[in-house]
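# Coordinate inspection notes
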Amino acid sequence: MNVRAFFILGLVVHVVFFISIFDIYFTSPLVHGMTPQHVPLPAPAKRLVLFVADGLKADTLFKTDDTKIDKAPFIRSIMEESGSWGVSHTRVPTESRPGHVALIAGFYEDVSAVAKGWKENPVEFDSVFNESRHTWCWGSPDILPMFAKGASGDHVYTHTYSAEMEDFASTDASKLDTWVFDEVKAFFSSAKANDTLLSQLREERNVFFLHLLGIDTNGHAHRPMSREYAENIEIVDAGVAEIVSVMEDFFENDKGTSYIFTSDHGMTNWGSHGAGHPSETLTPLVAWGAGIRSAERTTTQHFNDHYLQEWRLEYLRRIDVNQADIAPLMSSLIGVPIPLNSVGVLPLGYLDNSGLFKAESMYANSIQIMEQFKVKMAQKKETTLSILFTPYQRLTESKQLDLVRNVRSLIQERKYDDAIALSKEMISQALEGLAYYHTYDRVFLGSSVVFGFVGWTSYVVLVILKTHAALRRPRPLSAPVSCSVVWKTFACLALGISMFLLIQASPWTYYIYCLLPVYVWYSVFKEFRTLADLMSSLPSLPWAKYISYFVLVAFGIELLVVSFFYRAVLTFGLLLLSGWPVVSRLHTRAKAKSLGWVMGCLSLAAFPLMPVVERELNVGLVVCAGALILLTSACFLWLSRRLSPPRWGHGLFYISQMVHLALCTYVVSSTHSSLRQKQGLPVTNQVFSWVTLASSFVVPLLSSTRLFQRLLSISLSLTSTYLLLSTGHEAFFPPALSSLMLVWINMEQEALRAQGASPKLESWLQLSSIDFSADIDITKIRQLKLDDIRRSYFFVFFIITAFFGTGNIASINSFDPASVYCFVTVFNPFVMGALMMWKVLIPFVIVMCTFETIQVSTQLSSRSLFLIVLVISDLMALHFFFLVKDYGSWLDIGTSISHYVIVMSMTIFLMLLNIFSRVFTSKRIHVGWGVKMHST
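The paragraphs below set out a description of the structure included in this document. Note that this is a predicted model, so its numbers are computed, not measured.

So, about the sheet that holds strand β6 (residues 257–262). Strand order in the open sheet formed by eight strands is β4-β3-β5-β1-β6-β7-β2-β8, and the pairing between neighbours is mixed. Here the strands that pair on one side only, and so sit at the sheet edges, are β4 (156–160) and β8 (321–322). Where β6 meets strand β7 (residues 282–289), five bridges bridge the pair, whose relative direction is antiparallel. Residue pairing for β7: Thr262 is matched across the bridge by Leu285. Those strands touched by helix α7 (residues 175–191) are β3 (134–139), β4 and β5 (206–212), and its axis lies near 155° from that of β5.

Here it is in structure tokens:
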């Protein structure tokens, strides 16, 4: 197989394995075809008002300060006098889109929605708004349209402000909430003169939804402990009180309105959300009005946390719910069917109604969830061979009938408490059954992926042995098996698998996951001659040396795996790596370089110990990092000029890059100073930042292709962009990494000289003579050796360090919007996400270009070392795949899956960056510098 075909196959295999984890663990839980369930009793409320204070965490709202002054006096008075309260427990990811879906539709959305920026519906779903007679919504253009689009008919009306108002650099983000309150007041004022609208408002089963985004925006921009955040809560509290007064006056105090105040997610003290920290998952819930139980005094209540004491609310009954439980609560209050896909359980503690109403409502809730179970079971039964189908034993059809019959009987006998308890048991079993059928194919698909993974890794190892290793090749006496037999065998296997999937009416993706391993293993068995050569060479191999290398590599891979859970392990690894010159005895040949290696490893080892979250903005550190980069770049340029004097135009080019980096440092300081003074993002700074980002891909191609000069240009160009995306100590990471990479290049040259595979010249002189654009002398390309496994491992280790060194996007709540303020301040998830992705990739590119340099300087083909890298990264991915469990909390399962996704993403990125780095180092655009420049 040629290089291009191998690369395409490798890319396809890794993309398929990357996508497979989503089909196995993140498929949509929704089913369709259920019947809405009605409660045959009058509803306690005529209408419902839902306030969602985006980004408000429970601790901030409920906790009073030392002076016992409440941030939200109106909400506090409701809790103490006329309403019920508690904590709503959200799920990861704690983002606005899934939070609102859980609140209004009653189910926890699958991750596929993130591909659409949490704005569009990956699948259509039912909601409280859809079941209502009319729903009026005011708020963000990012949230409201999805519920109007998903509604049947034309009875959900949305009123949104422009997306440009969601500006983190705004002088006052609370204007988003005052806009909502003003629009609602104007709406009810105008309704008095509009007979059509007035008649609609007088109807029952109406919903009014107020989405309040100001708190979230101020939390991101100024942190939740800021004055702006606290003042925004006061504005929201006053606004809620005013809206309640307006509505009560409009409906003439008919006691027919229910009010619910809650939040979609919380926020960490450092102004982020998305993960599972308690400050993100604990949100407030306060309900009052028609059908809601009034405040209840209590003397004893037990919770696993200590918040009641901190909030000084021990005397008020606290009723906690899961976030999805709010949807059935709202449905029950206004008498509409619970959303068809809801998995929420009606929280009876909030209802102030008769035992009959509660029993009937809970029964409807259980039947609604049981309907989902029946549809899911029927779907799985239809797509599975009868002899292979294993039903959920705790909820067979006969048991379903018995449960329903018993609940109805208990209600008729007026044993409401027993009926409620049995309904809850039915809900519990139905939810377990839903999970059972939803994960029915996981073992089958997981086994197929593992089988393919092992086959691919085996194939890459065979390619290494066949093409790049000095494997002794004795002539075989006879071929053990012909290629035609192998082809026919695997063709029959592929046909059998296809027929099996066709009979079961499996999705088309199943064919890919099951047939790709067949092709991969066919490629393995097609190399039977290489296998035979390997087997015949085994007796002559130095087993002690190979086993020691195997043990070291296995230990190294485990070290990298553990580093995904504990970043400090990278520090331990760097400390071990600092001893490499001593172990290899290179310190006796190159003392200065060995000392530089030790110092570089120790300086880089400090970064994994530093926090990636809960850190304050410190532009002064960014300025210091810029000054340090300019100083080291000037020293490097001066030294390179002594060894290999560049042309005058070249030197001016590098000086201009250094001046540009100094301007980037100034732009960072100027931008954040302007934002602190609430003057917004200066247009000139924004244009300069985007030009810098765009030019960073082109500017290095204008420099000389001499090794050190091209690496200097790449480092200056990438670091300039990195500084614009920095907010603190992470700005020191690229120069520390680049310095260590420079020493690594020199150390590898010394290692090659120690093995007698390199001319006995000073390594710096030999390296400075290398031209990336020069034609490769094929006669000098050497075969792989055991020491190349160590080089490949170093590369993978530095890639992982580059990813976890100062923060990453693996955990959503490590994302700080302040990092992108030089480019954009108006909320845009795709643009902001892309900028953060590039910030994460910049250290990747630095390490990748270093690896390309090492391949060139150590006389290896461009594919040799990278094949070993693929094996190491694939073994890590396979390790994480086995760590994924079907049990435990959703957060635990999601963490292991995210680690698998990270490694697979890294592998795909590295395959692409392998080509990118080759172009980045060897290609050159010729431009004029007074005279026309040519390749050196």
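Once that is clear, we can look at the packing of helix α28 (residues 707–724) against helix α29 (residues 733–754). One can describe the packing of α28 onto α29 by two numbers: an axis separation of 10 Å at closest approach and a directional angle of 160°. In terms of axis orientation, α28 runs roughly antiparallel to α29. Relative to α29, the crossing made by α28 is right-handed. Here Phe708, Leu711, Ser715, Thr719 and Tyr722 of α28 lie close against α29, whose contacting residues are Phe733, Pro734, Ser738, Leu742, Ile745 and Asn746. Counted by class, the contact of α28 with α29 contains seven nonpolar, four polar and no charged residues.

A separate point is the packing of aromatic side chains. The full count for this structure, using the stated rule, is 57 aromatic pairs. On the basis of an interplanar angle of 50° and a centroid distance of 5.8 Å, the ring pair of Trp136 and Phe187 is categorised as tilted. With a gap of 51 residues between them, Trp136 in strand β3 and Phe187 in helix α7 connect regions that are remote in the sequence. An aromatic cluster of three or more residues is present, and its members are Trp136, Trp138, Tyr157, Phe187, Phe188, Phe208, Phe250 and Phe251. Sitting over the ring of Phe251, Arg47 keeps its end group 3.6 Å from the ring centre. Note that Arg202 overlies the ring of Phe250, its terminal NZ or CZ placed 5.2 Å from the centroid.

Another point: helix α31 (residues 786–804). A rise of 1.5 Å per residue sets the reference length of α31, with its 19 residues, at 27 Å; its end C-alpha atoms lie 28 Å apart and thus fit the reference within 8%. Counted residue by residue, α31 has 18 buried out of 19 residues, so it is predominantly covered.

One pass over the full model with this rule turns up 26 salt bridges. Taking the shortest distance from any N to any O, the salt bridge between Asp320 and Arg318 comes out at 2.8 Å. The exposure class assigned to Asp320 is partly exposed, which follows from its relative accessible area of 25%. Arg394 is the salt-bridge partner of Glu425, the closest N and O atoms lying 3.6 Å from each other. Remark: Arg394 occurs in the loop between α14 (355–382) and α15 (397–412) and Glu425 occurs in helix α16 (residues 416–438); sequence separation between them is 31 residues. Taking the relative accessible area as the measure of exposure, Glu425 reaches 34% and is therefore partly exposed. Judged by relative accessible area, Arg394 falls into the partly exposed class, the value being 40%. Connected through salt bridges with shared partners, the residues Glu748, Asp787, Asp788, Arg790 and Arg791 form a single ionic network.

Let's shift gears to unusual backbone geometry. A positive phi is found at Arg205, a non-glycine position, where the angle reads about 65°. As for its placement among the helices and strands, Arg205 is situated in the loop between α8 (195–201) and β5. Arg205 gets classed as partly exposed once you look at its relative accessible area, which sits at 28%. Of note, the phi angle at Asn253 is positive, near 50°, even though the residue is not glycine. You can see Asn253 is positioned in the loop between α10 (227–250) and β6.

Definitions and limits used
Residues numbered from 1 in each chain as written. Predicted model: local features only at pLDDT ≥ 70, side-chain atom pairs only at ≥ 80, totals over all residues. Heavy atoms only, no water. Pairing = 2+ DSSP bridges. Helix = DSSP H or I, 4+ residues; strand = E, 2+ residues; numbered from the N terminus. Contact = heavy atoms within 4.5 Å. Axes fitted to C-alpha atoms, helices over the stretch in contact; angles between N-to-C directions. Parallel < 35°, antiparallel > 145°, perpendicular 65-115°, else oblique. Left-handed = near helix turned anticlockwise from the far one by under 90°. Nonpolar A, V, L, I, M, F, W, Y, C, P; charged D, E, K, R; others polar. Phe/Tyr/Trp six-rings, centres within 6.5 Å; stacked < 30°, edge-to-face > 60°. Lys NZ or Arg CZ within 6 Å of the ring centre and 35° of its normal. Expected span 1.5 Å × (residues − 1). Buried < 20%, exposed > 50% of the residue type's maximum accessible area, 1.4 Å probe, protein only. Salt bridge = Lys/Arg side-chain N within 4 Å of Asp/Glu carboxyl O.

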